[in-house]
Amino acid sequence: MSDLTGMSVAAMQAGLRSGAFSAAELVGAHVAAAEAARPLNLFITETFEAAMEAARAADQALAAGTAGPLAGIPIGIKDLFATRGVRTTAASRILDGFTPTYESHVTARLQAAGAISLGKLNLDEFAMGSSNETSAFGPVVSPIRAAGSDAALVPGGSSGGSSAAVAARVVAAATGTDTGGSIRQPAAFCGIAGIKPTYGRCSRWGIIAFASSLDQAGVLARSVTDCALLLEAMAGFDPRDSTSLDAPVPAWSAALTGDLRGRRVGIPREYRVDGMDAGLDRLWQQGAEWLRDAGAEIVEVSLPHTAQALPTYYIVAPAEASSNLARYDGVRYGLRVVPDGGSLADMYEATRAAGFGPEVRRRIMIGTYVLSAGYYDAYYLKAQKVRALIARDFAEAFARCDLLLTPTAPTGAFPLGARNADPIAMYLNDVFTVPSSLAGLPAMSVPAGTDSAGLPLGLQLIGRPLDEAGVLDAARAIEQRAPAPATPEPWWR
Amino acid sequence: MARTGRHKQPMSAPYLVNGATGPFEIVVGLEVHAQVISKSKLFSGAPTAFGGEPNSQVSLVDAAMPGMLPVLNGECVRQAVRTGLALGCTINRRSRFDRKNYFYADLPAGYQISQYKEPVVGEGAIEISLDDGTRRTIGIERIHLEQDAGKSIHDLHPSMSYVDLNRAGVALMEIVSRPDMRSPAEAGAYVATLRAILRAIGSCDGNMQEGSLRADVNVSVRRPGEPFGTRCEIKNVNSIRFIQQAIAHEARRQVDLIESGGTVIQETRLFDPERGETRALRSKEDAHDYRYFPEPDLPPLLIDEAFIAACRESLPELPDARRRRYEAELGLSPYLAGVLTADIEESLWFEHLLAETARRQGRAQREVAEKAANWMTGDLFAALKRLDRGIADSPVSPEQGAELLALLADGTLSGPLAKQVFEIMLETGEDPAAIAEARGLRQVTDTGALEAAVASVLAANADKVAEYRAGKDKLFGFFVGQVMKASGGKASPAMVNDLLKKALG
């Protein structure tokens, strides 16, 4: 049955509809793969039985002709999405015992389309991290290994459970969330595709907030087309999220051609950073060539405030996070630690000290600091101004081109534990993904090649607001020309 | 009216606190928190009714469950804009919500969504009227929308506290005045006027006992002519009387402090009405750092001209316009016009009474207005006060009042009889004509019967008749009283007068 787990979503849809296999067989094969992949620590909460039940219902719906477009497709849900009746943790101890009575908008839409969740995927605690090592449920181990090495690598983060589960063929696709690169960077590390749509495309209702003005749901899948198929189901206006965009959702997958004739692709010169891996630079140029081959004109553009993006992000995101995470106080749900004879303030302190891990605590403290009286103007306000300049850079670049091509991350995956001691080194992973997050633009990582150790590298495409179609087309053009990423050897079995 | 001055001063003179070293002026500014009348909360669909079972009116948003987001309730915006227009304020076409961050058990999200830098309503002013008829203009600085917090309950369990989130997320308008008030009386008049306007336009029910309207009172003192002194803020005062008392006590405290060589420090204080004092809650040094920043879950609030026009269109006649109309069109005195426009329900009751009175008597409203106004502000208000009732649950309806006034006008009832009938109306709720009929309380206007009564009174008091005729005019009243008594109070006083004059020559 293992061949069922390597298929594209489109092939699964065709197979289910032609009767080549049943949803029960398809989901069963993925459950078996998931059980075998437990050493990778992909899931925080498995819902295999519910998935099998849903698969049988999908078979009935398929037979009756009432099935949704994603009926029977096995997926995974990043454990930042609230799921009704299924424990939701944000990979944090602070939400100990929390089971929502509500379903996030995005996962409700996926359910309505027929997709079947195998469970809640591991992530960095509250999506704060770039390696999935800050999870209170332990790190995810990447299914990818360097050539000739059995050293454990990180899957990227924060959607590390999602990227690893898709790459390991445990699910066909997974939801992710991206605040500063949390879909694109793990997709690149695991040799798969990942798209973060325009801010506001997917409702944030029911997604546990990290940084409200940046958080955006998206997809990780093994092909550009699969990303489009899933995103079509997830996106759409939701009046319960005031930042949700009331714009029609195009049929992206059907419109996908990879034909870039008449399109202009910009190469932002500021993304050529010091110390960039020579192989990565070559791959970037190769990517430009592929796009030219697909009909695009390549132009050099400038995004002058690129260097300020990372510091700006690490002010704005922690500021919002420090406020968003204030609700985890032990009063209404989740963990509560009350010292003997303690006051309300003692309960807050003990609960939050026990509930939050070091990275979350670090960001809450940074965020609290930058919003404090006397520091607000120098940090938060200035960061907001720079953020506006960064957005303006993109707007000006898009006057000269339709899309931007950049690397996704400065390096390939690194070994578990390699960068834990130095938060700044960890934050540098996001240097290419953060600017488009600050500007709210659609952006996607697509596998393009490997580094000298054979580890996957991704290229990033960035589009104008609401131009997911352009981003997907250009990613498809690269996908059509790049060497297909190798299927990871299932060393964990 | 509370007074702190050692000497009585006439109302129109500046209100000064006389210290040992000379007089001080009081400077007062108010932040009034008014609960917006709307079916649901500011950012959630949960209902806002008062007095529900604890935690029965709480949505997922109000409880700050993970992943929940605020959605602005347009009705609350409409009410804030209507209030702004009624107070003569500018309406900001663009405003914004901010988060005010602090930890407390009844603040589920750990922040309150408020408007810090860009409020929905900007500057305006209202006119207030003092007891002596002096009018003053009090500036409004801004009105912003914000969420109320829940309620912590500490007395249900020896070691635990309970939290009721029914109020959490209910919309409040914070109406911030300029520091334009100079006496407790002005502050009282300002709150009363503001309350009357809010109730008239239906944006707040003004119920201070239930906490729908409460004030933070900023008080400072200075020697006349000097710059503003350091102010203290007295939190959450929930009656007009307490506001005035708190100002008087706080001003006296500050004057005594300054005169004994101390310095007023900026701090938050609480008013204790039982002990008649304010006491420190926290000083500026340990004030919270609220870490305000723009609410990222809500886009800026944009208001267009059509929305403002519709809000303006929806405004009823405001108390001040009504007062001027009562004076100009109904010919009422400024005093009566003022009393009858202090509360919208009372105004509407009066207008109902007036319309009925004019109809029954076939006269113009202007001709009967003063009588109706005097009866309502006199007999009716006195009765309501005695019964501790508001106009809404008056035992007498406007129709019944108009009927009573008609019986007085056509001579069926004398003044004293009318008062007797009114008392029975209050007790039984019956109509006045029916009461007069059933109990024989109609005024006696039968000349023959009254002449006989006069004759018998004069015969029985021959000595007093002689004294009267000798020049003791005062005795006339005695004869009137005796005749009225003989008629069981039912004689027409006017006729008794005439007949007595005739009989006594």
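Analysis parameters
Residues numbered from 1 in each chain as written. Chains lettered and ligands numbered in written order. Predicted model: local features only at pLDDT ≥ 70, side-chain atom pairs only at ≥ 80, totals over all residues. Helix = DSSP H or I, 4+ residues; strand = E, 2+ residues; numbered from the N terminus. Rg over C-alpha atoms; globule rule 2.2 N^0.38 Å. Buried ≥ 20, exposed ≤ 12 C-beta atoms within 10 Å, placed from the backbone. Contact = placed C-beta atoms within 7 Å. Nonpolar A, V, L, I, M, F, W, Y, C, P; charged D, E, K, R; others polar. Core = buried A, V, L, I, M, F, W, Y, C linked by C-beta atoms within 7 Å. Pairing = 2+ DSSP bridges. Domains from an automatic or database assignment. Axes fitted to C-alpha atoms, helices over the stretch in contact; angles between N-to-C directions. Parallel < 35°, antiparallel > 145°, perpendicular 65-115°, else oblique. pLDDT = per-residue confidence, 0-100. Right-handed = clockwise from strand over helix to strand, strands pointing away. Expected span 1.5 Å × (residues − 1). Left-handed = near helix turned anticlockwise from the far one by under 90°.

Q: Help me out: how do you make sense of the overall build of chain B in this one?
A: Counting secondary structure elements, chain B contains 15 helices and 16 strands. Against the globule reference of 23 Å for 505 residues, chain B gives a C-alpha radius of gyration of 29 Å, more extended than a compact globule. With 505 residues in all, chain B has 44% of them scored as buried. Pairs at least 24 residues apart make up 68% of the contacts formed inside chain B by residues separated by at least 6 positions.

Q: Teacher, can you tell me more about the interface of chain A and chain B here?
A: Quoted interface sizes are often the accessible area lost when the parts come together. On the side of chain B, 24 residues touch chain A, which itself brings 32 residues to the contact. For the side of chain A that touches chain B, the secondary-structure elements that each account for two or more residues are helix H10 (306-324), helix H11 (344-355) and helix H12 (358-371) of chain A. For the side of chain A that touches chain B, a count of residues per class yields 16 nonpolar, nine polar and seven charged.

Q: Is there a simple way to explain the nonpolar core in this structure?
A: Of all hydrophobic cores here, the largest spans 243 residues; its most connected members are Ala 173 and Ala 221 of chain A. With eleven residues, the single largest contributor to this core is helix H2 (residues 184-201) of chain B. Core analysis: the second largest hydrophobic core is formed by 32 residues, Leu 353, Leu 405, Ile 435 and Leu 441 of chain B among them.

Q: How should I be thinking about the sheet that holds strand S5 (residues 111-114) of chain B in this particular structure?
A: The strands making up a sheet associate through hydrogen bonds between their backbones, and the pairing can be parallel or antiparallel. Residues and elements named next belong to chain B. Strand order in the open sheet formed by three strands is S5-S4-S15, and the pairing between neighbours is antiparallel. At either margin of the open sheet sits one strand with a lone partner, and together these are S5 and strand S15 (293-294). Relative to S5, strand S4 (residues 98-101) runs antiparallel, the two sharing four bridges. Looking at the pairing, Lys 100 lines up with Gln 112 of S5.

Q: Any chance you could explain the domain arrangement of chain B here in plain terms?
A: Residues and elements named next belong to chain B. When the domains of chain B are assigned, the result is domain 1 (23-311), domain 2 (319-438) and domain 3 (447-504). Opposite the eight residues of domain 1 that make contact, domain 2 presents seven residues. If you list the elements that add at least two residues to the side of domain 1 that touches domain 2, you get strand S6 (124-129) and H2. Among the elements that line the side of domain 1 that touches domain 2, the one with the most residues is H2, at five residues. Split by residue class, the side of domain 1 that touches domain 2 holds four nonpolar, two polar and two charged.

Q: What should I look at first to understand the sheet that holds strand S3 (residues 116-121) of chain A in this one?
A: All names here are of chain A. Pairing within the open sheet is mixed, and its eleven strands lie in the order S1-S3-S2-S4-S6-S5-S10-S11-S9-S7-S8. Sheet topology places strand S1 (43-46) and strand S8 (297-301) at the edges, where each strand pairs with a single neighbour. The sheet shows a mean angle of 30° between the axes of neighbouring strands, taken without regard to direction. Note that strand S5 (residues 193-196) and strand S6 (residues 216-221) share three bridges and pair antiparallel. Of the residues in S6, the one forming a bridge with Ala 193 is Ala 221.

Q: Could you clarify how one ought to interpret the packing of H10 of chain A against H12 of chain A in this entry?
A: How two helices pack is summed up by the angle between their axes together with the distance between the axes. Residues and elements named next belong to chain A. At a closest axis distance of 7 Å, the pairing of H10 and H12 adopts a crossing angle of 100°. Overall, the two elements H10 and H12 adopt an arrangement that is roughly perpendicular. Residue-level inspection shows Ile 315, Pro 318, Ala 319, Ala 321 and Ser 322 of H10 in contact with H12, the latter providing Arg 363, Ile 364, Ile 366, Gly 367, Thr 368, Val 370 and Leu 371. Along the lines of polarity and charge, the residues of the contact of H10 with H12 split into eight nonpolar, three polar and one charged.

Q: Looking at this model, I keep getting lost on the pairing of strand S11 (residues 456-463) of chain A. Mind explaining?
A: Residue and element names in this part refer to chain A. The buried fraction of S11 amounts to eight of the eight residues, a majority that puts the element mostly inside the structure. Burial along S11 is two-sided: Pro 456, Gly 458, Gln 460 and Ile 462 facing one way and Leu 457, Leu 459, Leu 461 and Gly 463 facing the other are all buried. When strand S10 (residues 443-450) meets S11, the two strands line up antiparallel, connected through seven bridges. Note that in S11 the partner of Gly 449 across the bridge is Leu 457. Where S10 folds back onto S11 in an antiparallel hairpin, the turn is made up of five residues, including Gly 454, whose phi is positive at roughly 80°.

Q: How do you make sense of the confidence of the model for chain B when you look at a structure like this?
A: Keep in mind that low pLDDT regions are not for reading the predicted coordinates in detail. All names here are of chain B. With 96% of its residues at a pLDDT of 70 or more, chain B shows a mean pLDDT of 92. Ignoring residues within four places in sequence, the model shows residues 1-11, a span with pLDDT below 50, making 20 contacts including any to other chains. Both confidence scores are given for the complex: pTM 0.90, ipTM 0.96.

Q: Just checking my understanding: could you explain the pairing of strand S13 (residues 267-272) of chain B for this structure?
A: For a regular strand, the rule is simple: side chains alternate between the two faces of the sheet. Residues and elements named next belong to chain B. Bridging between strand S12 (residues 232-237) and S13 involves three bridges; their strand directions are parallel. Bridging from a neighbouring strand, Lys 235 pairs with Leu 270 of S13. Running through helix H3 (residues 240-259), the crossover from S12 to the neighbouring parallel element S13 is left-handed.

Q: I keep staring at helix H14 (residues 475-486) of chain B and nothing clicks. Help me out?
A: Residue and element names in this part refer to chain B. With twelve residues, H14 ought to run about 16 Å at 1.5 Å a step, and its terminal C-alpha atoms sit 17 Å apart, in line with that. Taken together, the buried positions of H14 are occupied by Phe 479, Gln 482, Val 483 and Met 484. If you follow the buried residues of H14, they end up packed against helix H12 (447-460) and helix H15 (493-504). Where H14 terminates, the next one or two residues include Gly 488, which has phi positive at roughly 70°.

Q: Where do I start with the environment of Ile 116 of chain A in this structure?
A: All names here are of chain A. Among the structural elements, Ile 116 can be located in strand S3. With 44 residues separating them along the chain, Ile 116 and Gly 72 place their C-alpha atoms 6.0 Å apart. For Ile 116, the residues in contact, after removing those within four places along its chain, are Val 27, Ala 51, Ala 54, Ala 55, Ala 58, Gly 72, Ile 73, Pro 74 and Ile 75.

Q: Honestly, unusual backbone geometry in this entry has me stumped. Any pointers?
A: Among all residues save glycine, negative phi is the norm, and among peptide bonds the norm is trans. Residues and elements named next belong to chain A. The peptide bond linking Gly 157 to Ser 158 adopts the cis configuration, its omega dihedral lying at 10°. Assignment of secondary structure puts Ser 158 in the loop between S3 and helix H5 (160-167). Even without being glycine, Ala 90 reaches a positive phi, approximately 55°. Of note, Ala 90 is situated in the loop between strand S2 (74-78) and helix H4 (105-112).

Q: I'm lost on the environment of Ala 233 of chain A in this one. Help?
A: Residues and elements named next belong to chain A. Relative to the assigned elements, Ala 233 resides in helix H7 (residues 224-234). Note: C-alpha distance between Ala 233 and Leu 303 (70 residues apart in sequence) is 33 Å. Ignoring sequence-local partners within four residues, the contact set of Ala 233 consists of Pro 69, Leu 70, Arg 109, Leu 110, Ala 113 and Ala 115.

Q: I keep staring at the packing of H14 of chain B against H15 of chain B and nothing clicks. Help me out?
A: Residues and elements named next belong to chain B. Between H14 and H15, the least distance of the axes is 10 Å, while the angle of their chain directions is 125°. By the angle between their directions, the pair H14 and H15 is classed as oblique. Regarding H14 and H15, the two cross each other, and that crossing is right-handed. Packed against H14, whose contacting residues are Phe 476, Phe 479, Val 480, Val 483 and Met 484, the element H15 presents Pro 493, Val 496, Asn 497 and Leu 500 at the interface. Looking at side-chain class alone, the contact of H14 with H15 contains eight nonpolar, one polar and no charged residues.

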